[in-house]
Amino acid sequence: MYYQAKKIITVILLHTFLISVALSCIFPFFWMVNVSFKTQSEYDADSGLKLAQSLNWDNYHKVIFEGGFWRYIVNSVVYTFATVIFIVFISSLAAFGFSRLNFPGKNIIFFMFLAAMMIPLPAGFVPIYALLQQLGLLNRAGYIFAMTNIGLSLSIYLLKTFFDQLPRDLEDAARIDGCNKLQIWWHVGLPLVAPALGVVVIFNALNVWNEFVLAKLIFTDEQFMPLQAGLMEFTGKMVTQHTLIMTALTIAALPIIILYIKMQKQFIKGLTAGAVVG
Amino acid sequence: MNASFKENSLNFSFVAPALFIFSIFYIYPFFYSFILSLTNYDLIGDFNFKNYYVGFSNFRDVFTDKDWWKSMYNGGYITFWALTFQNILAFALALAVDKVVRLKKFYRVVFFILPVLSEIIIGLLMKQLLIGEPTGRNVFNNLLNSAGLGFMAQDWIGGDRVRMITALVHCWKGFGWAFVILFAGLQTIPEQLYEAAKIDGANAWQQFRKITIPLVMPVITLVVVLTILGTMQAFAMILALNAGAGGETTVPVMIIFSHLGGASKLAGLACAEGLILGAILVAVSFSMFFVSKKVREKYGVLPS
Amino acid sequence: MKKLSKLIVFFVLIPLIFGCSAKKPKDNTIIVWHWMTDRKDAFSELATKYQAETGVNVEFKLLFPPETYSMKVTAAARAKTLPDIFGILGEKTTVGSFIRAQHIADLTPYMNENFQEWKNRFYPQTLDLVVFKDGNSSQVKPGIYAVPIDTTIMQFVYNKSLLDKLGFSAPPETFEEFIKYAALVKGKSDQFGFVCGWGEGWLLNALAIEWAINLMGEEKFLQTIERKVSYTDPDWLKVFTLFETLKNSGILVPNIATMTNKESEDAFAKGKALFSFNGSWSINVYQQLNPEIQYGFFSLPKISIEHPVKIWGGSGSSFMVNERSPNKLEAIKFLKWFTAKQQQVFLIEKTNNLPAIKDCQDQMPEKLRKLTLNLSNLTHPDTWPDNEDSRVIEVINRGLQQIVMGLKTPSEVAREVQEKKDKIFRK
């Protein structure tokens, strides 16, 4: 009996602890979404602590079309797609090369990639800026290349460990069928590392979607800015139009939250991929 | 000979695209950064190393620059809170979630929402919640007041405790991520070990100390390294939250940015700062991995 | 099939990414880069007018925010892709760098044509800012390198209805009065004594300099820059202490040290503060934010009667001509037209900015005309023989922010500023 009671109390205590932390995570977002449906005067009256009277989409219309938010969204989608496609192709080719093929200097080059993961981004700020400036690439292409580079090391490492585990037999069978190396990579290699590719895609997609520092460095034209940089611009301009700011934040956050809840396993795998390396 | 050369170059071509981008964005910048750091080039005229050369004075300037070390201190302060408060909280949550039966998945999903979102979103959202009149609506203070915690109400964005508050917001954003890694670490501990310990009469604390801690030690080291690397480079969240708050929450990356902006002759200085920050972080993470290796050797376990 | 579609996506994306580089404009179009959001529409109207009058196309391109604009201009300078006309946001030394790198045309001969007709149009105080004098510290050939397009004056602003309610008929004249008036507002629910965008250091800096000059005189102030007077001098300490007094009197809005100018303008326009400190452009801003607001400008609350009050101001925005531009002469012609009376009056009507030229007095609204009375006692770093190092300014601004936040004492800040200055000039 005593043991039973103690156990129940422990469970209750544990849940109280967990629920309170969970609430602290969720509440701000409910508040944010709630405020996004309010008018400014409604918000001024209750600070967003009462439920919005109706699903008022005015703010969304204002932010997306009048505030030019659609452009940031399109930009972010383009950057994310392009970068992830580049990374998937380039890193899977390289990982295949490191894992299955031989050439002089292979190990040294591979360790170079590994070591690069250690070098923090700020060390390269100025030269990257100066370089892109010189090449006239302070625009979309420059950003996509720079972001591709940032994702490469980890992606190559992840994919290489997967390629390493593939049995040789498959490769041999494909070779007998007359496949060249590129075809083996495409027909045999890629399909077999598909799970790892999923992780690579999510990790990099999230990384690009959420990236701010390089975007701030590279983009001078507002029309090229991705969502995160656009958010800073937008809030700087709107200042005390709280409901519009919250709408902008909701637009930026909600797709990710929904996608995450739908695919949370892959997300967790993707984001903790960095940890696997250690 | 010829055939093998052809073979080698064919094989190499698989790696070539990656290496190409890598050389442009890592190797070249690294050397260029070093060269620029020896100059006072203003990024405007044509670059001529001889005309702009100033020796190592940029590095000397950084080392003797109080503002730079203040920003390192600010970064270190936030890192300290992330290492202790954030990671202990994450560990406690991981242990708790590991213990409970119900709602396990719910907690896991909820705790990881914050790391999935960008730093900008978190920073701007928290600013809206925390900022008072005339810019904001003082939402958080009002909440505290109505919860009977009015004594805690204060100026969260520009008050004299702003550094601590920034650190806490940073921890709030980051704990979920440490939680997931630590939780995964806990899952790898076989249940039988606990069973055996119970039979031997070990109480919960003893189990925790003798089994849990040693077995997740490598994961903890990992979390520590990643926390340091991540926090010392923090920038976007703080920029969105309070933009440095008069130097109180100015972090190294902000200083680098401020020296890079415009066309002052401080690009070389910014390079030197970037290199010094990079060197310190590389040194820290290598030494931490060295420690981690020692720890692993000592306990004789390797995490999956 | 699936793979094929993947490849198609791949190849469709490539032109999408690379095909977006800036379109080459027609050769005879004059391109102007600017950062002035408030004047965007007025500028393009003027461009249309110029096209109708002369047949020359002018294209105004807005780049915002200012820091982005600066980076873009720097990048373009290096890549030698600057437009025909542009402005430089920043210190005069930066302009000097641009001139040395031959990005900016020397306009002196054009200004002096026809018995200095163009030159004489401008307020001398306004033109002063864009002139490089003999023996300037940037070591460029003396001359006029830019065309001012408006004049900016930093002023205090008061909310008229609030001041009336407090029972005062005129704004304060001395620092003590200023604090006394503002303190009366304190305690009223969401109204404050003083609001200012002190998160942006330059607003703090301008105010500190105005007080410093009022206290010690311009001569002694300039000697500080020349390192003949230390920042730990009692006068400077007094200047820093003013900010501590402001904080201790409780008249400042919370968060003032992290506030942007935009946030501050918004708060003032909504009647949440009695006083503010802002530039003459704010007439336009307040008008847009709240057409009903009743307000007026007043001069620096004095802390001494020994030295005259100098007001931070001069040329607000100015345009430079790209030395390398093939349209150089056309661009200069356009700027000459742009600073003629008709166009300047048009800009006054549309944007409420003080004009750069003298001849508009009769066409100005009352508020602006009053402001022009201050033009005789302006001061601005660009007119001083020497400028403070940007890193020292940074320490001053951050120090003032910390005083206002209650984190540092004035003497601590004074010491830190002087330390920084000593360090930079030790070499």
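Residues numbered from 1 in each chain as written. Chains lettered and ligands numbered in written order. Predicted model: local features only at pLDDT ≥ 70, side-chain atom pairs only at ≥ 80, totals over all residues.

**Description of the overall build of chain B**
Part 1: In terms of helices and strands, chain B carries 14 helices and 0 strands.
Part 2: Helices and strands in chain B line up, N terminus first, as α-α-α-α-α-α-α-α-α-α-α-α-α-α.
Part 3: Along the first, second and third principal axes, the C-alpha set of chain B runs to 75 × 75 × 35 Å.
Part 4: A burial count over chain B gives 49% of its 304 residues as buried.
Part 5: Here the contacts in chain B between residues at least 6 apart in sequence split such that 73% fall between residues at least 24 apart. (Helix = DSSP H or I, 4+ residues; strand = E, 2+ residues; numbered from the N terminus. Buried ≥ 20, exposed ≤ 12 C-beta atoms within 10 Å, placed from the backbone. Contact = placed C-beta atoms within 7 Å.)

**Comments concerning the overall build of chain A**
Part 1: A count of helical and extended segments in chain A gives 15 helices and 0 strands.
Part 2: Relative to its length of 278 residues, chain A is extended, with a C-alpha radius of gyration of 24 Å against a globular reference of 19 Å.
Part 3: Buried residues in chain A amount to 47% of all 278 residues. (Rg over C-alpha atoms; globule rule 2.2 N^0.38 Å.)

**Brief notes about the domain arrangement of chain A**
Residues and elements named next belong to chain A.
Part 1: Each domain of chain A was delimited in the assignment, giving domain 1 (2-56) and domain 2 (71-277).
Part 2: The centre of domain 1, based on its C-alpha atoms, is set 34 Å off from the matching centre of domain 2.
Part 3: With 8 residues of domain 1 in contact, the opposing surface of domain 2 contributes 7 residues.
Part 4: At the level of elements, helix H1 (2-36) and helix H2 (40-46) are the ones that each hand at least two residues to the side of domain 1 that touches domain 2.
Part 5: Grouping the amino acids of the side of domain 1 that touches domain 2 by side-chain chemistry returns 4 nonpolar, 3 polar and 1 charged. (Domains from an automatic or database assignment. Nonpolar A, V, L, I, M, F, W, Y, C, P; charged D, E, K, R; others polar.)

**Comments concerning the interface of chain B and chain A**
Part 1: On the side of chain A, 75 residues touch chain B, which itself brings 72 residues to the contact.
Part 2: Take the side of chain B that touches chain A: its biggest share by element is 19 residues, from helix H1 (residues 2-37) of chain B.
Part 3: Its residues assigned to classes, the side of chain B that touches chain A shows 58 nonpolar, 11 polar and 3 charged.

**Examining the interface of chain B and chain C**
Part 1: Listed per partner, the contact involves 26 residues of chain B and 37 residues of chain C.
Part 2: Considered class by class, the residues forming the side of chain B that touches chain C number 8 nonpolar, 12 polar and 6 charged.

**Observations concerning unusual backbone geometry**
In terms of backbone geometry, most residues other than glycine have negative phi values and most peptide bonds are trans.
Residues and elements named next belong to chain C.
Part 1: With a phi close to 50°, Asn114 is a non-glycine residue in the positive phi region.
Part 2: In this structure, Asn114 sits in helix H5 (residues 108-121).
Part 3: On the basis of neighbour count, Asn114 is assigned to the exposed category, with 10 C-beta atoms found within 10 Å.
Part 4: Residues other than glycine seldom take positive phi values, yet Phe115 does so here, at roughly 55°.
Part 5: Mapped onto the elements, Phe115 comes out in helix H5.
Part 6: By C-beta crowding, Phe115 is classed as exposed, having 7 other C-beta atoms within 10 Å.

**Side note on the pairing of strand S2 (residues 58-62) of chain C**
Residue and element names in this part refer to chain C.
Part 1: Bridge count for strand S1 (residues 30-34) against S2 is 5 bridges, and the pairing is parallel. Looking at S2, one finds that Ile31 is bridged to Glu59.
Part 2: Taken together, S1, helix H2 (residues 40-54) and S2 form a β-α-β motif whose crossover is right-handed. (Pairing = 2+ DSSP bridges. Right-handed = clockwise from strand over helix to strand, strands pointing away.)

**Remarks on the environment of Tyr43 of chain A**
Residues and elements named next belong to chain A.
Part 1: Here Tyr43 lies in helix H2.
Part 2: Under the C-beta neighbour-count criterion, Tyr43 is labelled buried, with 23 such atoms within 10 Å.
Part 3: Not counting the four nearest positions on each side in its chain, Tyr43 is found in contact with Val35, Lys38, Gly48, His242 and Thr243.

**Looking at the packing of helix H7 (residues 140-165) of chain A against helix H10 (residues 194-209) of chain A**
Axes are the key here: two packed helices are described by the angle between their axes and the distance separating the axes.
Residues and elements named next belong to chain A.
Part 1: Between H7 and H10, the shortest axis-to-axis distance is 10 Å and the interhelical angle comes to 160°. The angle between H7 and H10 places the two elements in the roughly antiparallel class. Where H7 crosses over H10, the handedness of that crossing is right-handed. Counting all contacts with H7, which are made through Met147, Gly151, Ser155, Leu158, Leu159 and Phe162, the residues of H10 involved are Ala196, Val199, Val200, Asn204, Asn207 and Val208.
Part 2: Its residues placed into classes, the contact of H7 with H10 shows 8 nonpolar, 4 polar and no charged. (Axes fitted to C-alpha atoms, helices over the stretch in contact; angles between N-to-C directions. Parallel < 35°, antiparallel > 145°, perpendicular 65-115°, else oblique. Left-handed = near helix turned anticlockwise from the far one by under 90°.)

**Considering the confidence of the model for chain B**
Part 1: Overall, the prediction assigns chain B a mean pLDDT of 84, with 95% of residues at 70 or greater.
Part 2: Complex prediction metrics read pTM 0.86 and ipTM 0.87. (pLDDT = per-residue confidence, 0-100.)

**Some remarks on the environment of Gln134 of chain A**
Part 1: With respect to the element layout, Gln134 of chain A can be found in helix H6 (residues 125-135).
Part 2: Given 14 C-beta atoms within a 10 Å radius, Gln134 of chain A is considered partly exposed.
Part 3: Residues Gln134 of chain A and Ile256 of chain A lie 122 residues apart in sequence; the distance between their C-alpha atoms is 35 Å.
Part 4: Ignoring anything within four residues of it in the chain, the contact list for Gln134 of chain A reads Arg78 and Ala79 of chain C.

**Here's the deal with the environment of Asn180 of chain A**
Part 1: Locating Asn180 of chain A in the fold gives a position in the loop between helix H8 (168-176) and helix H9 (181-192).
Part 2: For Asn180 of chain A, a count of 11 C-beta atoms within 10 Å gives the class exposed.

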